[in-house]
Amino acid sequence: MLEVRLELECSLCGAQHFRIPTGETDQAMVSCARCHSVTCRADDLEWRMAEASAMRREAIRQAG
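Computed from a predicted structure; not experimentally measured.

Enquirer: Would you mind going over the overall build of the protein chain in detail, with residue names and values included?
Expert: Helix and strand content of the protein chain: 1 helix and 4 strands. For the protein chain, the N- to C-terminal ordering of α and β elements is β-β-β-β-α. The buried share of the protein chain, reckoned over its 64 residues, is 22%. For the protein chain, contacts bridging at least 24 residues in sequence account for 13% of all contacts bridging at least 6. Accessible surface computed for the protein chain: about 5,000 Å², of which carbon and sulfur atoms make up 51%.

Pasting the structure below:
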């Protein structure tokens, strides 16, 4: 597991640190590092982060 800070908040405790699975033996669920509640599936998080990155690049392109 990899523990990282994200620009997200746990809906139960408000923490911004999450545990992300890094290996095939890890479960495919992202969980809160503080209260351990399941946040989402790792695949969903990866897709959302890629989508947010594309939106930021587009906003920067339009502003410049």
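Enquirer: A description of the pattern of salt bridges should follow, citing residues and the corresponding values.
Expert: Taken as a whole and judged by the stated rule, the model has 1 salt bridge. Here E58 makes a salt bridge to R61, at a shortest N to O gap of 2.5 Å. A residue pair is termed a helical-turn pair when its members lie 3 or 4 positions apart in one helix, as E58 and R61 do in helix α1 (residues 42-63) at 3 residues. Given a relative accessible area of 31%, E58 falls into the partly exposed group.

Enquirer: Which residues make up the pairing of strand β2 (residues 17-20), and what are the values?
Expert: The side-chain alternation of β2 yields one buried face, formed by F18 and I20, and one unburied face, formed by H17 and R19. When β2 meets strand β3 (residues 29-32), the two strands line up antiparallel, connected through 2 bridges. Its bridge partner being in β3, R19 is matched across the sheet by S31.

Enquirer: Pulling in residues and values, what's your account of the nonpolar core?
Expert: Judged by nonpolar contacts, L6, C10, A15, F18, I20, V30, C32 and L45 together constitute the single largest core of 8 residues. Put simply, the parts of the chain that give this core at least two residues each are β2 and β3. Residues contacting L45, with those up to four places away along its chain left out, are L6, L8, I20, V30 and C40.

Enquirer: Please give an account of the state of the cysteines that cites residues and values.
Expert: All chains considered together, the criterion is met by 0 disulfides. Looking at C32, it has no disulfide partner, and the nearest cysteine sulfur is the one in C13, 3.6 Å off. Among the residues examined, C32 registers a relative accessible area of 0% and is labelled buried.

Calculation rules
Residue numbers run consecutively from 1 along every chain, following the written order of its sequence. The predicted origin of the model limits local features to residues at a pLDDT of at least 70 and limits the giving and counting of side-chain atom pairs to 80 or more, whereas totals for whole chains, interfaces and linings rest on all residues. Hydrogens are left out, water is left out, and the side-chain values use all remaining heavy atoms of the structure. Working definition: helices are DSSP H or I runs of at least four residues, strands are E runs of at least two. Numbering for both runs from the N terminus. Categorising residues by exposure relies on relative accessible area from a 1.4 Å probe, with only protein chains included: less than 20% of the type maximum marks a residue as buried, more than 50% marks it as exposed, and the intermediate range marks it as partly exposed. The contact definition used throughout considers only heavy atoms, calling two residues in contact when any of these lie within 4.5 Å. Only the protein chains shown count as covering a residue, and every accessible area follows the Shrake-Rupley method with a 1.4 Å probe. When a carboxyl oxygen of Asp or Glu is within 4 Å of a side-chain nitrogen of Lys or Arg, the pair counts as a salt bridge. By this definition, two strands are paired if DSSP reports at least two bridges between them. For our purposes a nonpolar core is just a set of buried Ala, Val, Leu, Ile, Met, Phe, Trp, Tyr and Cys residues, chained together by side-chain atoms within 4.5 Å. Counting rule for disulfides: a pair of cysteine sulfur atoms within 2.5 Å.

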